[in-house]
Amino acid sequence: MELIEYPDAEMMMMQLADKLAGEISKCLAVHDHVSLAVPGGSTPGPVFDTLSGTNLRWDRVHVLLTDERRVPPDHERSNERLLRERLLTDKAAAAHFIRLVPGPGVSIEDIGSRLAPELPLSILLLGMGSDMHCASLFPGSSRLAEALAPKAPPVMEVDAPEGLEPRITLTGPVLRGAMSTHVVITGAEKRAALDRARKLKPEEAPIASVLNEATVHWAEG
């Protein structure tokens, strides 16, 4: 694991966006397309704001979420809604978006098949909760071991710990298999959680499953 500490969150978000843009460009120089998996939540929003205005061959970038709630795309809790408002706009509006949530006549298995050409992921950006979860892989969840298993399908439906709508998540093998992995966190609480996660098994701290190969970006706030 490589840990990069920044003087403040604003600088971190800008520099991380620049780093992701550079990695996208390098990938496009040798591949037909780039698969970019990103989290929902409020933390990565500033990264998306900067990245969306970058001059890239966005028409060759395939964007997907690391996880999503089973809600309509315009729902206030939809990660897709956030992504469309803050990343898939400006120059990045030309990117190809791959939805995780099944629709009429589309099963979880169909979504997995749709993801197959995108694997291994070119670039993975993850957040982390103070409980050490990543994507929708939560400590103590009923299907966590199944989702972390080496032979897990690429995408699974899991229960949300807060008892709200179910979630669709990329699984352990997909996250671990990414060619480049970045984790972005802010604040003392999440820094302490990161330090704990480094000493725990993935079943206790799901983020631990990707830390060995990850670059972690942290700022106080």
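Residues numbered from 1 in each chain as written. Predicted model: local features only at pLDDT ≥ 70, side-chain atom pairs only at ≥ 80, totals over all residues. Heavy atoms only, no water.

Describing helix H1 (residues 9–28)
Condition: Labels follow the DSSP assignment, with helices taken as runs of H or I lasting at least four residues and strands as runs of E lasting at least two, numbered in each case from the N terminus. Multiplying 1.5 Å by the residue count of a helix minus one yields the expected span of that helix. Exposure is judged per residue with a 1.4 Å probe applied to protein chains only, and the accessible area is read against the type maximum: over 50% gives exposed, under 20% gives buried, and values in between give partly exposed. By definition, the arc is the one covered by directions from the helix axis to the C-beta atoms. The term polar contact refers here to a pair of N or O atoms within 3.5 Å; inside protein, the definition further demands a hydrogen-donor-capable atom paired with an acceptor-capable atom, and it admits residues adjacent in sequence only when both atoms are side-chain atoms.
Taking 1.5 Å per residue as the helical rise, H1 with its 20 residues ought to reach 28 Å, and the 28 Å between its terminal C-alpha atoms agrees with that figure. Among all positions of H1, only Ala 9, Met 12, Met 13, Leu 16, Ala 17, Leu 20, Ala 21, Glu 23, Ile 24, Cys 27 and Leu 28 are buried. Looking straight down H1, one finds that the buried residues subtend no more than 165° of arc, so they occupy a single side. Every exposed residue of H1 that faces more than 90 degrees away from the buried side is listed here: Asp 18 and Lys 26. The N-cap residue of H1 is Asp 8: its side-chain oxygen and the backbone nitrogen of Glu 10 are 3.1 Å apart.

So, the nonpolar core
Heads up, the condition is: Grouping buried Ala, Val, Leu, Ile, Met, Phe, Trp, Tyr and Cys residues that are joined through side-chain atoms within 4.5 Å yields what is termed a nonpolar core. Contacts: residue pairs with any heavy atoms within 4.5 Å of one another.
If you look at the biggest cluster of nonpolar residues, it comprises 71 residues, and the most contacted ones within it are Val 63 and Ile 207. Of the residues forming this core, the biggest block, 10 residues, is contributed by H1. Setting aside residues up to four positions removed in sequence, Val 63 forms contacts with Leu 36, Val 38, Leu 83, Leu 87, Leu 88, Ala 95, His 96, Phe 97 and Ile 98.

Some points on the pairing of strand E9 (residues 181–186)
Formally: Here the rule is simple: two strands pair whenever DSSP picks up at least two bridges between them.
By the criterion of burial, E9 is predominantly enclosed, with 5 of the 6 residues buried. Two strands pair when backbone bridges link them, and strand E6 (residues 123–126) and E9 are joined in this way by 3 bridges, in the parallel orientation. When the sheet's bridge partners are listed, Leu 125 is paired in E9 with His 182. In the sheet, E9 pairs with strand E10 (residues 214–219) via 6 bridges, with the strands oriented parallel. Bridge pairing in E10 links Val 183 to Val 216.

Focus: the packing of aromatic side chains
Heads up, the condition is: Aromatic pairs are defined between Phe, Tyr and Trp rings, using the six-membered ring for Trp, whenever the two ring centres lie within 6.5 Å; interplanar angles under 30 degrees are classed as stacked, those over 60 as edge-to-face, and all others as tilted. Sitting over a ring, as applied to charges here, requires NZ of Lys or CZ of Arg to be within 6 Å of the ring centre and within 35 degrees of the ring normal.
Throughout the structure, instances matching the rule amount to 0 aromatic pairs. Across the ring face of Trp 218, the terminal group of Arg 191 is positioned such that the distance to the ring centre comes to 5.0 Å.

Considerations on the environment of Leu 3
As for its position among the elements, Leu 3 is in strand E1 (residues 2–6). On the accessibility criterion, Leu 3 (29% relative accessible area) is partly exposed. As a C-alpha pair, Leu 3 and Val 183 span 180 residues in sequence and 9.4 Å in three-dimensional space. Every residue in contact with Leu 3, bar those within four places of it in the chain, is listed here: Arg 191, Leu 194, Val 216 and Trp 218.

So, the sheet that holds E1
Stated formally: To get an axis, fit a line to the C-alpha atoms, keeping to the stretch in contact for a helix; angles then go from 0 to 180 degrees between the N-to-C directions.
Taken together, the 7 strands give an open sheet; going across it, the order is E1-E10-E9-E6-E2-E3-E5, and neighbouring strands pair in parallel fashion. Each edge of the open sheet is held by one strand with a lone partner, namely E1 and strand E5 (96–98). When strand polarity is set aside, the average angle formed by the axes of neighbouring strands in this sheet is 20°. Pairing of E1 with E10, which is carried by 5 bridges, proceeds in the parallel orientation. Looking at the pairing, Ile 4 lines up with His 217 of E10. Packed onto the sheet, helix H7 (residues 188–197) meets E1, E9 and E10 and runs at close to 135° relative to E9.

Here we look at the sheet that holds strand E8 (residues 167–170)
Backbone hydrogen bonds are what pair the strands of a sheet, in a parallel or an antiparallel way. Within the open sheet, the 3 strands sit side by side as E4-E8-E7. Their pairing is antiparallel. Looking at the sheet topology across the chains shown, the edges are occupied by strand E4 (67–69) and strand E7 (155–158). Taken pair by pair, the neighbouring strands of this sheet meet at an average axis angle of 20°, ignoring direction. In the sheet, E7 pairs with E8 via 4 bridges, with the strands oriented antiparallel. In the sheet register, Met 156 faces E8, and the bridge partner there is Thr 169. Each of E7 and E8 touches helix H4 (residues 108–115); the most contacted strand, E7, lies at about 145° to it.

Section: the environment of Leu 82
Relative to the helices and strands, Leu 82 resides in helix H3 (residues 79–86). Judged by its relative accessible area of 16%, Leu 82 falls in the buried class. When the C-alpha positions of Leu 82 and Ser 42 are compared, they lie 8.3 Å apart, and in sequence the two are 40 residues distant. In this structure, Leu 82 is in contact with Gly 40, Gly 41 and Leu 87, ignoring residues within four places of it in sequence.

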